[in-house]
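Each chain, letter by letter, is given below.
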Amino acid sequence: MSGPSTRTWYWQGVRDGLPFTLVVTPFALLFGVVATEAGLDIASTMGMTILVIAGAAQFTALALMEEQAPTFVVLLTALAVNLRMALYSASMSTHLRGAPVWQKAIAAYFLVDQSYAAAALKYEREPGASVSAKLGYFFGVMTPVAPLWYGFTLVGAVAGSAIPPEYALDFAIPITFIALVAPSLRSLPHLVAATVSVVLALALVWVPYSLGLIAAAIVAMAAGAATEIALERRRAPA
Amino acid sequence: MIDPVTVWTVIIVLGLGTFLIRFSFLGLIGDRDLPDWALRLLRYVPVAVMPGLVAPLVVWPEATGGSPDAARIGAALAAFAIGAATRNTLGAILGGMAALYLLLWVT
């Protein structure tokens, strides 16, 4: 576990994690505020942020609970938002092969967008490093990020109950989601998937239990994948 | 107000489920790889779920009793335009909220 290279990699991770605090801090604040606005007390706001530690899924669960969606729909939708993390897990497993299971379990808990993005880039640049150096880097990235995520959620939760409704924070959730998705609409398949999702979700809004959203999401995924296949066929005719 | 039993059920199951997703390949499944069709579909999960979740909230916001509201639609379009043009999530949130306050103040 020790050795100079692991320590060096850890501090490189800390340094590479620092820029993420600029993104994580306002996000955590916003979640704390929006959660208390939705009626969660400080204990459940903090419980969610610590146990789930996945911003977009937390906002998803919150939005659906506010709409009184059934619990299984809340869970299904929020877990679907986190499915991308199976890809992170698959990608990380190739780099962290041979690490003890308990270390992999801690890494899994902290496997968020930021730690994955930083680690995947670093491991790709230096594939020959030892597993303990790689883990050191991974935990280094999370060292500044995780405490700020917890801490500023708490600040938001405490401040949130003091914010009057004129600030229209009800709309912070939709704006956050739009801001999360808009930058990823960089290819035709992504645009097709998003458009299908919007059109079907609006058309199926009458379907009970928010199942219209689930149906819209499944068709939109298929539409995105189908567009991707069609584009590949056109580029390279078989 | 959301019922506390529902909230804690969601927190605990979502926490466990999210952990299992993150641990899946690292710990449980081992070294096997996902089939290509699954990887292809998984890539589109965020863009398939989030726009559909947001669209009704934008078109029929609860704060106005469900009737379309120019300020909120304008703010959503502003956030989208900034996010798509700059690829900066934080900038899009701040721009969208600024547009919302401006439009609420104007209308």
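What you see as residue numbers is a count from 1 along each chain, following the sequence as written. Here chains are named by letter from A upward and ligands by number from 1 upward, in the order in which they appear as written. In view of the model being predicted, local features appear only for residues whose pLDDT reaches at least 70, and side-chain atom pairs are presented and counted only at 80 or more, with totals across whole chains, interfaces and linings using the full set of residues. Computation of side-chain values covers all heavy atoms of the structure but excludes hydrogens and water.

Under an unreviewed UniProt entry, the name given to chain B is AzlD domain-containing protein, and the source organism is Pontivivens ytuae.

Here is the rule we go by: UniProt positions are given in the numbering used here, feature names are shortened, and annotations may be inferred rather than shown by experiment.
Going by the annotation in an unreviewed UniProt entry, the name recorded for chain A is AzlC family ABC transporter permease, with Pontivivens ytuae given as the source organism. Its UniProt record, at the heading Subcellular location (unreviewed entry), says of chain A: "Cell membrane". One UniProt comment on chain A, placed under Sequence similarities (unreviewed entry), says "Belongs to the AzlC family."

Section: the interface of chain B and chain A
Note the threshold: Contacts between residues were defined by any pair of non-hydrogen atoms, one from each residue, lying within 4.5 Å. Computed with a 1.4 Å rolling probe, the buried area is the accessible surface lost when two parts are put together, summed over both parts. One speaks of a salt bridge when a side-chain nitrogen belonging to Lys or Arg is within 4 Å of a carboxyl oxygen belonging to Asp or Glu.
Between chain B and chain A, the residue contacts involve 65 residues of the former and 89 residues of the latter. Summing both partners gives a buried area of about 6,900 Å² for chain B against chain A, and 79% of it is carried by carbon and sulfur. In terms of surface lost to chain A, no three residues of chain B exceed Arg22(B), Leu26(B) and Tyr44(B), which account for 12% of the buried area on that side. Inspection of the region where chain B meets chain A yields three salt bridges.

Considerations on a nonpolar patch on the surface
We apply this condition: What goes into a patch is any residue over 30% in relative accessible area without a salt bridge, connected to like charges within 9 Å or, for nonpolar side chains (Val, Leu, Ile, Met, Phe, Trp, Tyr), within 5 Å. Computed with a 1.4 Å probe, the accessible areas rest on the Shrake-Rupley method; for each residue, only the protein chains presented here act as cover. Secondary structure is summarised from DSSP: a helix means a run of H or I of at least four residues, a strand means a run of E of at least two, and numbering begins at the N terminus for each. To sort residues, take the accessible area from a 1.4 Å probe on protein chains only and compare it with the maximum for the residue type: under 20% means buried, over 50% means exposed, and anything in between is partly exposed.
On the surface, Ile50(A), Leu51(A), Trp8(B), Ile12(B) and Leu16(B) cluster together into a nonpolar patch covering about 450 Å² of accessible area. Of the residues forming the nonpolar patch, the biggest block, three residues, is contributed by helix α1 (residues 4-29) of chain B. Take Ile50(A): its relative accessible area is 36%, and that puts it in the partly exposed class.

Comments concerning helix α4 (residues 70-86) of chain B
Threshold: To estimate how far a helix should reach, multiply one less than its number of residues by 1.5 Å. This arc corresponds to the set of directions leading from the helix axis out to the C-beta atoms.
Taking 1.5 Å per residue as the helical rise, α4(B) with its 17 residues ought to reach 24 Å, and the 24 Å between its terminal C-alpha atoms agrees with that figure. Buried within α4(B) are the following residues: Ala71(B), Arg72(B), Ala75(B), Ala76(B), Ala79(B) and Gly83(B). Down the axis of α4(B), the sector holding all buried residues measures 135 degrees, keeping them to one side. Facing away from the buried side of α4(B) by more than 90 degrees, the exposed set consists of Ala70(B), Leu77(B) and Ala85(B). In this structure, the buried side of α4(B) is in contact with α10 (172-181) of chain A together with α3 (45-59) and α5 (89-106) of chain B.

Some remarks on the UniProt feature "transmembrane region" (unreviewed entry) in chain A
Residues and elements named next belong to chain A. Residues annotated by UniProt as "transmembrane region" (unreviewed entry) correspond here to residues 20-40, 47-65, 71-90, 135-155, 167-184 and 213-231. When the span residues 167-184 is considered, its composition is 56% helix and 0% strand, and the gap between its end C-alpha atoms is 28 Å. Split by type, residues 213-231 is 100% helix and 0% strand. Its first and last C-alpha atoms lie 27 Å apart.

Some remarks on the packing of aromatic side chains
Residues and elements named next belong to chain A. Stated formally: Ring pairs are drawn from Phe, Tyr and Trp, using the six-membered ring of Trp, whenever the two centres fall within 6.5 Å, and their geometry is named by plane angle: stacked under 30 degrees, edge-to-face over 60, tilted for the rest. For a Lys NZ or an Arg CZ to count as sitting over a ring, it must be within 6 Å of the ring centre and within 35 degrees of the ring normal.
Tallying each qualifying case throughout the model produces eight aromatic pairs over all chains. Residues tryptophan 9 and tyrosine 137 carry aromatic rings whose centres are separated by 6.1 Å and whose planes lie at 80 degrees to one another, so their mutual orientation is edge-to-face. Note that tryptophan 9 is positioned in helix α1 (residues 4-17) and tyrosine 137 in helix α9 (residues 131-160), a separation of 128 residues in sequence. Overall, the relative accessible area of 8% leaves tryptophan 9 in the buried class. Clustering of aromatic rings is evident, with ring pairs tying together Phe27, Phe31 and Phe59. The ring of tryptophan 9 is capped by lysine 122, whose NZ or CZ atom sits 4.8 Å from the centre of that ring. Against the face of tyrosine 123 rests lysine 134, its NZ or CZ located 5.5 Å from the ring centre.

Quick look at the pattern of salt bridges
The tally for this structure, following the rule as stated, stands at six salt bridges over all chains. For Arg84(A), the salt bridge goes to Asp113(A), with nearest N and O atoms at 2.9 Å. Of this pair, Arg84(A) sits in helix α6 (residues 84-95) while Asp113(A) sits in helix α8 (residues 113-125), and the two are 29 residues apart along the sequence. Overall, the relative accessible area of 12% leaves Arg84(A) in the buried class. Here Asp69(B) ties to Arg72(B) by a salt bridge, and the two come within 2.8 Å at their closest N and O atoms. Accessibility expressed as a relative area gives 6% for Arg72(B), which makes it buried.

Structural notes on the domain arrangement of chain A
Interfaces are frequently sized by the accessible area removed from exposure as the parts join. All names here are of chain A. What counts is decided by this rule: Domain segmentation is taken from an automatic or database assignment of domains. What qualifies as a polar contact is a pair of N or O atoms within 3.5 Å, subject to a donor-acceptor requirement within protein and to the restriction that residues adjacent in sequence count only when both atoms come from side chains. Here the nonpolar group is Ala, Val, Leu, Ile, Met, Phe, Trp, Tyr, Cys and Pro; Asp, Glu, Lys and Arg are the charged ones; every other residue, Gly included, is treated as polar.
What the domain assignment reports for chain A is domain 1 (6-167) and domain 2 (185-235). Inter-centroid distance (C-alpha atoms) of domain 1 to domain 2 is 26 Å. Counting residues at the interface gives seven residues for domain 1, matched by five residues for domain 2. Note on domain 1 versus domain 2: buried area summed over both sides is about 460 Å², and carbon and sulfur give 83% of it. Ranking the residues of domain 1 by area buried against domain 2 places Pro70, Val73 and Thr77 at the top, with a combined share of 54%. Run the count over domain 1 and domain 2 and you get zero salt bridges. At the junction of domain 1 and domain 2, the tally comes to zero residue pairs in polar contact (both at pLDDT 80 or more). If you tally residues by element for the side of domain 1 that touches domain 2, the top one is helix α5 (residues 71-81), at four residues. Per-class residue counts for the side of domain 1 that touches domain 2 are six nonpolar, one polar and no charged.

Considerations on the packing of helix α2 (residues 21-37) of chain A against helix α3 (residues 42-52) of chain A
Any two packed helices are characterised by the angle at which their axes cross and by the distance between the axes. All names here are of chain A. Here is the rule we go by: All axes are obtained by fitting lines to C-alpha atoms, using only the stretch in contact for helices, and the reported angles, taken between N-to-C directions, cover 0 to 180 degrees. If an angle is under 35 degrees, it is roughly parallel; if it is over 145, roughly antiparallel; if it lies from 65 to 115, roughly perpendicular; otherwise it is oblique. Left-handed is the label given to a crossing in which the near helix is rotated counterclockwise from the far helix by less than a right angle, and right-handed is the label when the rotation is clockwise.
It is at 9 Å that the axes of α2 and α3 come closest, and there the two elements cross at 135 degrees. In terms of orientation, α2 lies oblique with respect to α3. The two elements α2 and α3 cross, and the hand of that crossing is right-handed. Contact residues: α2 offers Phe31, Gly32, Ala35 and Thr36, while α3 offers Thr45, Met48 and Thr49. Grouping the amino acids of the contact of α2 with α3 by side-chain chemistry returns three nonpolar, four polar and no charged.

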